[in-house]
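Structural description and commentary
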Amino acid sequence: GKAPTFLDVQVDASYENRVMIASSYDVCYCDENCLNSVYWFKAGTLDVEPVVTRFTTDYTTGSFGENPAIVNTGRLLVF
């Protein structure tokens, strides 16, 4: 049989109170007659972790400074 192929799959970040959180998504698959839920089955789980950023002013040692990270969420800057 033919193996399923997925291209350009993107999962956007999940937020609670403007804070990026970890999320878990079920990955389901259907061979045929996919309009009927009887033919769908869980094929796995996709775990998405939040992005962790750190601010450093010392690029030679990699030590982290006291300043908090700046995260661009596409709409606002979070400090």
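Residues numbered from 1 in each chain as written. Predicted model: local features only at pLDDT ≥ 70, side-chain atom pairs only at ≥ 80, totals over all residues. Heavy atoms only, no water.

Moving on: the pattern of salt bridges. The final tally for this structure, using the stated rule, is one salt bridge. For D26, the salt bridge goes to K42, with nearest N and O atoms at 3.3 Å. Residue D26 is found in strand β3 (residues 23-30), and its partner K42 is found in strand β4 (residues 40-48); the two are separated by 16 residues along the sequence. Judged by relative accessible area, D26 falls into the exposed class, the value being 51%. Of the residues examined, K42 reaches a relative accessible area of 52% and is grouped as exposed. (Salt bridge = Lys/Arg side-chain N within 4 Å of Asp/Glu carboxyl O. Helix = DSSP H or I, 4+ residues; strand = E, 2+ residues; numbered from the N terminus. Buried < 20%, exposed > 50% of the residue type's maximum accessible area, 1.4 Å probe, protein only.)

Of note, the phi angle at N17 is positive, near 55 degrees, even though the residue is not glycine. If you check the backbone angles, R18 has positive phi at about 65 degrees while not being a glycine. Within the secondary structure, R18 sits in the loop between β1 (14-16) and β2 (19-21). R18 sits in the exposed class, given a relative accessible area of 64%.

Once that is clear, we can look at the state of the cysteines. Summed over all chains, the structure comprises one disulfide. Here C30 connects covalently by a disulfide to C34, the sulfurs 2.3 Å from one another. On the sign convention where negative is left-handed, the bridge of C30 and C34, at about -105 degrees about the S-S bond, is left-handed. (Disulfide = S-S within 2.5 Å.)

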